[in-house]
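Chain by chain, the residues:
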Amino acid sequence: MRLGQLLTDLDGAAAEQTVTGFAIDHRKIAPGTIFGAFQGAAFNGEDFIDEAIAAGAIAIVARPEAKVSGAVHIADTVPRRLFAQLAAKYFRPFPQHIAAVTGTNGKTSTAELTRQLWRMAGHHAASIGTLGITTASDQAKTGLTTPDIVTFLSNMAGLSREGVTHTIFEASSHGLSQYRSEGVPVSVAAFTNLSRDHLDYHGTMEDYFEAKMRLFDEVVDENGTAVIWADDIWSDKVVERVKKREIRLITVGEKGKGIQLLSRQPTQLGQTLELRIQGDVTKVKLPLIGAYQAANVLVAAGVVMASGGDVEDVLAHMARLQPVRGRLERAVITKSGAPVYVDYAHTPDGLKAAIAALRPHTKGKLITVFGAGGDRDKGKRPEMGAIAVADSDITIVTDDNPRSEDPGLIRADIMAGAPGAHEIGDRRYAIAFAIEHAEPDDIVLIAGKGHEQGQIIMGRVLPFDDVEVARECAA
Ligand SMILES: CC(=O)N[C@H]1[C@@H](OP(=O)(O)OP(=O)(O)OC[C@H]2O[C@@H](n3ccc(=O)[nH]c3=O)[C@H](O)[C@@H]2O)O[C@H](CO)[C@@H](O)[C@@H]1O[C@H](C)C(=O)N[C@@H](C)C(=O)N[C@H](CCC(=O)O)C(=O)O
Ligand SMILES: Nc1ncnc2c1ncn2[C@@H]1O[C@H](COP(=O)(O)OP(=O)(O)OP(=O)(O)O)[C@@H](O)[C@H]1O
Ligand SMILES: N[C@H](CCC[C@H](N)C(=O)O)C(=O)O
Ligand SMILES: [Mg+2]
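This one's a predicted model, so the numbers in the text were calculated from it and none came from an experiment. (Residues numbered from 1 in each chain as written. Chains lettered and ligands numbered in written order. Predicted model: local features only at pLDDT ≥ 70, side-chain atom pairs only at ≥ 80, totals over all residues. Heavy atoms only, no water.)

### Some words on the overall build of the chain
Alright, step 1. For the chain, the count of helices and strands is 17 helices and 23 strands.
Alright, step 2. For the chain, whose C-alpha radius of gyration is 23 Å, the value lies close to the compact-globule estimate of 23 Å for 475 residues.
Alright, step 3. Principal axes of the C-alpha set define a box for the chain whose edges measure 80 × 55 × 40 Å. (Helix = DSSP H or I, 4+ residues; strand = E, 2+ residues; numbered from the N terminus. Rg over C-alpha atoms; globule rule 2.2 N^0.38 Å.)

Written out as structure tokens, the structure reads:
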């Protein structure tokens, strides 16, 4: 592709240059690259413009006030957005059906469940999110929930080349505010819920909400559909925004009009849902436990229906859904007979939901092991502590990715809200303690890390897998 094809007002020799790629990191530039120089949280990308040009960048997307000499300056007051739009012209084609899901909790689950439902309907489907890029046969890690824009677009195009027609991606609030997932046509946008998280980055709940709303205000197509979980305290506000844009709306949940949840009956290994869809009442046997998993399944079902899925098929396929890695995953049963569950709850609301999911299945005591991540919202720590001691019978506070912080201080922040909790910093010992103390009718919940494979301490990642450790401790 020539630069002149991307920038139609360009002429002369500059327009004839061949574009060989896009980069937002100056260390990834090869001759012919277009460099996006953005002001970030840790660096100012504009400081690397000269080095980028020396390495062969032919054009720089940056603010109008940035200094660019020796390459074309593509100036815009929102350079991240323009960069995404240009890169999208270079990387296309994209899968025909693209959906996005946002919310504090449930994005990964909803994305994965949607992918499974699409696949059961015979589509070549993929998901992009915290678990990486997942197709029926492959999984590749990206490191972030919403990858950077170049990774995002190049992978979307790669999936399309592989024959993938249906893709759903997780739109994190960071990703939305940094325009990391722009440029592809999004025909369905879903909302799960909103509760406290990431206030270190967004400041207030209102700002956090606004960041998420970009998905509905700007990202989803004008003729697209919004699928909204109706039972969250923020749901009505989301619906209001959607109505302002006059896009199609499907609400799901107890207050849902597209899929109405009439009742939910926990069974030993799952739950029975009574649903009203298009006037008809049906019962579905879901092989997953917990109200929160039912919620995510209904949002996923809404997404599939919005992308043309047949209602009867969707209902039949729900009964065949597989568990999502690290979300209420049963890791092992202790020698005394107590099941041990691993869950990714890392917010107050998530922890509440995970404990609530297990409570109906617990005849004896519910034993919760959890921590909170370093370099993340500190205010959520005592809130999580308070929920754990209020809703479980034994609480053990441990470490979860302290990152650059002192792990003892993070635990102290949690303990401040968790009177009576045990404090065991070493996560393996904490899990061993819980398993040792579990009696036959008890349930152990290990929360916070889910599918994660490591413990991040001072920039180092030490191998750690909750499921594996639980199995070792129970052996
Ligand atoms: C706060 C945050 O979101 N940071 C992410 C963001 O950084 P940023 O845009 O602020 O960039 P920066 O590091 O300050 O650098 C500015 C610019 O200079 C460039 N640069 C920088 C250094 C250099 O030597 N050369 C160079 O060109 C950078 O590529 C960047 O374009 O963009 C970077 C490139 O895409 C990400 O690596 C980085 O993720 C950091 C590591 C991170 O921890 N992010 C977490 C908080 C995150 O994004 N989490 C969300 C939410 C998860 C959830 O749903 O709960 C996620 O989507 O994963
Ligand atoms: N619908 C929901 N309502 C409340 N809590 C939920 C819901 N879905 C998931 N959770 C809780 O949040 C945890 C994380 O779920 P999931 O990975 O699906 O969310 P996510 O939004 O992708 O998280 P992240 O922001 O880290 O990517 C689950 O393990 C569970 O404890
Ligand atoms: N997407 C979330 C994941 C948190 C997982 C938890 N194990 C932690 O490290 O805090 C975040 O980056 O804040
Ligand atoms: Mg996720």
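The discussion continues.
### Quick word on the pattern of salt bridges
Alright, step 1. For the coordinates displayed, the defined rule picks out 26 salt bridges.
Alright, step 2. Among the salt bridges present, the one from Glu-46 reaches Arg-63, with a minimum N-O distance of 2.7 Å. Placement of the pair is Glu-46 in the loop between β2 (33-36) and α3 (49-54) and Arg-63 in the loop between β3 (59-62) and β4 (72-75), with a sequence separation of 17 residues.
Alright, step 3. Under the relative-accessibility criterion, Glu-46 is labelled buried at 14%.
Alright, step 4. Shared partners join several salt bridges into a network, and the residues in it are Glu-46, Arg-63 and Glu-65. (Salt bridge = Lys/Arg side-chain N within 4 Å of Asp/Glu carboxyl O. Buried < 20%, exposed > 50% of the residue type's maximum accessible area, 1.4 Å probe, protein only.)

### Quick word on the environment of Ile-414
Alright, step 1. On the secondary structure map, Ile-414 appears in helix α15 (residues 407-415).
Alright, step 2. Taking relative accessible area as the criterion, Ile-414 reaches 0% and is therefore assigned buried.
Alright, step 3. Sequence separation between Ile-414 and Arg-381 is 33 residues, and the spatial gap between their C-alpha atoms is 4.7 Å.

### Overview of the UniProt feature "modified residue: N6-carboxylysine" (unreviewed entry) in the chain
Alright, step 1. Mapped onto this structure's residue numbering, the UniProt feature "modified residue: N6-carboxylysine" (unreviewed entry) falls at Lys-212.
Alright, step 2. With respect to the secondary-structure elements, Lys-212 resides in helix α9 (residues 205-219).
Alright, step 3. On the basis of relative accessibility, which here comes to 1%, the residue Lys-212 falls in the buried class.
Alright, step 4. Contact partners of Lys-212, with chain neighbours within four places excluded, come to Thr-102, Gly-103, Thr-104, Lys-107, Ala-171, Ser-172, Ser-173, Leu-176 and Leu-194. (UniProt positions renumbered as here; feature names shortened; annotations may be inferred. Contact = heavy atoms within 4.5 Å.)

### Concerning the coordination of the magnesium ion (ligand 4)
Alright, step 1. Taken together, the protein ligands of the magnesium ion (ligand 4) are Thr-108 (OG1), Thr-130 (OG1) and Glu-170 (OE), with distances of 2.1 to 2.2 Å.
Alright, step 2. Counting the intervening residues between successive donors of the magnesium ion (ligand 4) yields the motif T-x21-T-x39-E. Within this pair, whereas Thr-108 is found in helix α5 (residues 107-120), its partner Glu-170 is found in strand β9 (residues 166-170), the two being separated by 62 residues in sequence. A single burial state applies to Thr-108 and to Glu-170, both of which are buried. (Donors = N, O, S within 2.8 Å, 3.2 Å for Na, K, Ca; no water.)

### A word on the site of ligand 3
Alright, step 1. Close contacts around ligand 3 come from His-198, Tyr-344, His-346, Gly-373, Arg-376, Asp-400, Asn-401, Arg-403, Gly-448 and Glu-452, and that covers them all.
Alright, step 2. Of the residues that constitute the shell around ligand 3, the class distribution is 1 nonpolar, 5 polar and 4 charged. (Near = heavy atom within 4 Å. Nonpolar A, V, L, I, M, F, W, Y, C, P; charged D, E, K, R; others polar.)

### Observations regarding the pairing of strand β12 (residues 248-253)
Alright, step 1. Bridge count between strand β11 (residues 220-229) and β12: 5 bridges; the pairing is parallel. Residue pairing in the sheet places Val-227 in a bridge with Ile-250 of β12.
Alright, step 2. For the crossover that starts at β11, traverses helix α10 (residues 235-245) and ends in the parallel β12, the hand is right-handed.
Alright, step 3. Note that β12 and strand β13 (residues 259-266) share 2 bridges and pair parallel. Paired with Val-252 across the strands is Ile-259, a residue of β13. (Pairing = 2+ DSSP bridges. Right-handed = clockwise from strand over helix to strand, strands pointing away.)

### Observations regarding the sheet that holds β2
Either a parallel or an antiparallel arrangement is found when strands of a sheet pair, and the pairing is made through backbone hydrogen bonds.
Alright, step 1. Strand order in the open sheet formed by 4 strands is β1-β2-β3-β4, and the pairing between neighbours is parallel. Here the strands that pair on one side only, and so sit at the sheet edges, are β1 (21-23) and β4. Shown here is a sheet whose adjacent strand axes are inclined to one another by a mean of 20°, direction ignored.
Alright, step 2. As defined by bridge partners, β2 adjoins β3 across 3 bridges and the pair is classed as parallel. Along β3, the bridge assignment pairs Ile-34 with Ala-59.
Alright, step 3. Where helix α4 (residues 79-91) meets the sheet, it contacts β1, β2, β3 and β4, and its direction lies at approximately 155° from that of β1. (Axes fitted to C-alpha atoms, helices over the stretch in contact; angles between N-to-C directions.)

### Quick notes on the site of ligand 1
Alright, step 1. Near ligand 1 there are 24 residues, and of these Ala-41, Ala-42, Thr-145, Ser-172 and His-198 occur at the shortest range.
Alright, step 2. In this structure, an oxygen atom belonging to ligand 1 sits 2.8 Å away from a main-chain N or O atom of Ile-24.
Alright, step 3. Relative to its unbound accessible area of 1,100 Å², ligand 1 is 78% covered by the protein chains.
Alright, step 4. A class-by-class count of the residues in the shell around ligand 1 yields 9 nonpolar, 9 polar and 6 charged.
Alright, step 5. When we break the shell around ligand 1 down by domain, the ones giving at least three residues each are domain 1 (3-82) and domain 2 (92-319). (Polar contact = N/O pair within 3.5 Å; in protein donor to acceptor, adjacent residues only side chain to side chain. Areas by Shrake-Rupley, 256 points an atom, 1.4 Å probe, with all protein chains shown as cover. Domains from an automatic or database assignment.)

### A closer look at a negative patch on the surface
Alright, step 1. Together, Asp-280, Asp-310, Glu-312 and Asp-313 give the surface a local cluster of negative charge.
Alright, step 2. Considering the arrangement of structural elements, one finds Asp-280 in strand β15 (residues 280-286). (Patch = residues over 30% accessible without salt bridge, like charges linked within 9 Å, V, L, I, M, F, W, Y side chains within 5 Å. Lys, Arg positive; Asp, Glu negative; His and termini not counted. Charge placed at Lys NZ, Arg CZ, Asp CG, Glu CD.)

### Focus on the domain arrangement of the chain
Alright, step 1. You can read the domains of the chain as domain 1 (3-82), domain 2 (92-319) and domain 3 (329-474).
Alright, step 2. Between domain 1 and domain 2, the C-alpha centre-to-centre distance is 33 Å.
Alright, step 3. Each side of the interface is counted separately: domain 1 has 6 residues, and domain 2 has 6 residues.
Alright, step 4. Interface area, domain 1 with domain 2, both sides summed: about 560 Å², of which 71% is carbon and sulfur. (Buried area = accessible area lost by both parts, 1.4 Å probe.)

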